[in-house]
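# Observations on chain architecture
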Amino acid sequence: QEQLVESGGGLVQPGGSLRLSCAASESIAGLYAMAWYRQAPGKQREVVAVVTNLPSTTYIDSVKGRFTISRDNAKNTVYLQMDSLSPEDTAVYYCNAPSFSTFYFEWGQGTQVTVSS
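Cut-off values and rules
The residue numbers shown here count from 1 along each chain, following its written sequence. pLDDT decides what is reported in this predicted model: residues at 70 or higher carry local features, side-chain atom pairs at 80 or more are listed and counted, and totals for whole chains, interfaces and linings draw on all residues regardless. Where side-chain values are given, they derive from all heavy atoms of the structure, hydrogens and water being excluded. Only buried residues count toward a nonpolar core. Its members are Ala, Val, Leu, Ile, Met, Phe, Trp, Tyr and Cys residues joined through side-chain atoms within 4.5 Å. Burial classes: relative accessible area under 20% of the type maximum marks a residue as buried, over 50% as exposed, and values in between as partly exposed (1.4 Å probe, protein chains only). Secondary structure elements are taken from DSSP: a helix is a run of H or I of four residues or more, a strand is a run of E of two residues or more, and numbering for both begins at the N terminus. What makes two residues a contact is simply this: any of their non-hydrogen atoms within 4.5 Å. Note on aromatic pairs: the rings of Phe, Tyr and Trp (six-membered ring only in Trp) are paired at centre separations within 6.5 Å, and the planes decide the class, stacked below 30 degrees, edge-to-face beyond 60, tilted for the rest. Paired strands are those between which DSSP finds at least two bridges. A fitted line through C-alpha atoms serves as each axis, taken over the contacting stretch for helices, and the angle formed by two N-to-C directions is quoted from 0 to 180°.

Attention now goes to the nonpolar core. Counting residues in hydrophobic clusters, the biggest one holds 28 residues, and the most contacted among them are Trp36, Phe67, Ile69, Val78, Leu80, Met82 and Tyr93. Of all the secondary structure elements, the ones that give two or more residues to this core are strand E3 (18-24), strand E4 (33-39), strand E5 (46-52), strand E7 (67-72), strand E8 (77-82), strand E9 (91-96) and strand E10 (111-115). If you tally residues by element for this core, the top one is E3, at 4 residues. Those residues in contact with Ile69 that lie beyond four places of it in its chain are Met34, Ala35, Trp36, Ala49, Val50, Val51, Thr57, Tyr59, Val78, Tyr79 and Leu80.

On to the packing of aromatic side chains, then. Using the criterion set out here, one finds 5 aromatic pairs in the structure. Centre to centre, the rings of Tyr37 and Tyr104 are 6.2 Å apart; their planes meet at 70°, and the pair counts as edge-to-face. Residue Tyr37 is found in strand E4, and its partner Tyr104 is found in the loop between E9 and E10; the two are separated by 67 residues along the sequence. Judged by relative accessible area, which is 4%, Tyr37 ranks as buried. In this structure Tyr104 comes out as partly exposed when scored by relative accessible area, which is 41%. Aromatic pair Tyr37 and Trp107: ring centres 5.2 Å apart, planes at 85°, arrangement edge-to-face. With Tyr37 in strand E4 and Trp107 in the loop between E9 and E10, the pair connects residues that are 70 residues apart, well separated along the chain.

Below, the discussion takes up the sheet that holds E4. Strand order in the open sheet formed by 6 strands is E2-E10-E9-E4-E5-E6, and the pairing between neighbours is mixed. The strands lining the two open edges of the sheet, one partner per strand, are strand E2 (10-12) and strand E6 (57-59). Shown here is a sheet whose adjacent strand axes are inclined to one another by a mean of 20°, direction ignored. Relative to E6, E5 is paired through 3 bridges, and the arrangement is antiparallel. Looking at the pairing, Ala49 lines up with Tyr59 of E6.

Pairing is antiparallel in the open sheet, where 4 strands are placed in the order E1-E3-E8-E7. The outermost strands of the open sheet, each flanked by one partner alone, are strand E1 (4-7) and E7. Sheet twist, expressed as the mean angle between neighbouring strand axes with direction ignored, is 15°. Alignment of E7 against E8, held across 6 bridges, turns out to be antiparallel. If you follow Phe67 over to E8, its bridge partner there is Met82.

Okay, structure coming up:
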């Protein structure tokens, strides 16, 4: 089965940056799109960014211009560069198939991002 392992989270001050990685146990080259999600305390999980094999990218408005999603198919890894972080970005971040997909892989443990002074 495909396994996705997120890493790179941590504690960062407002305005800081983090780079998240999503390592897949199997090839992602044949997957048209992958996405990053986040789940903040007391809120539902939401998609924040999607990257395709073109590659093309899309973002929710709240992260547009601050986050950059990318993929390296040779390394079976999806990345999320997060800049200009704010406390509202505090959440557990996950990767998986995009929300428009008819399927999801097994959810990993995610990686905690905490933005605080």
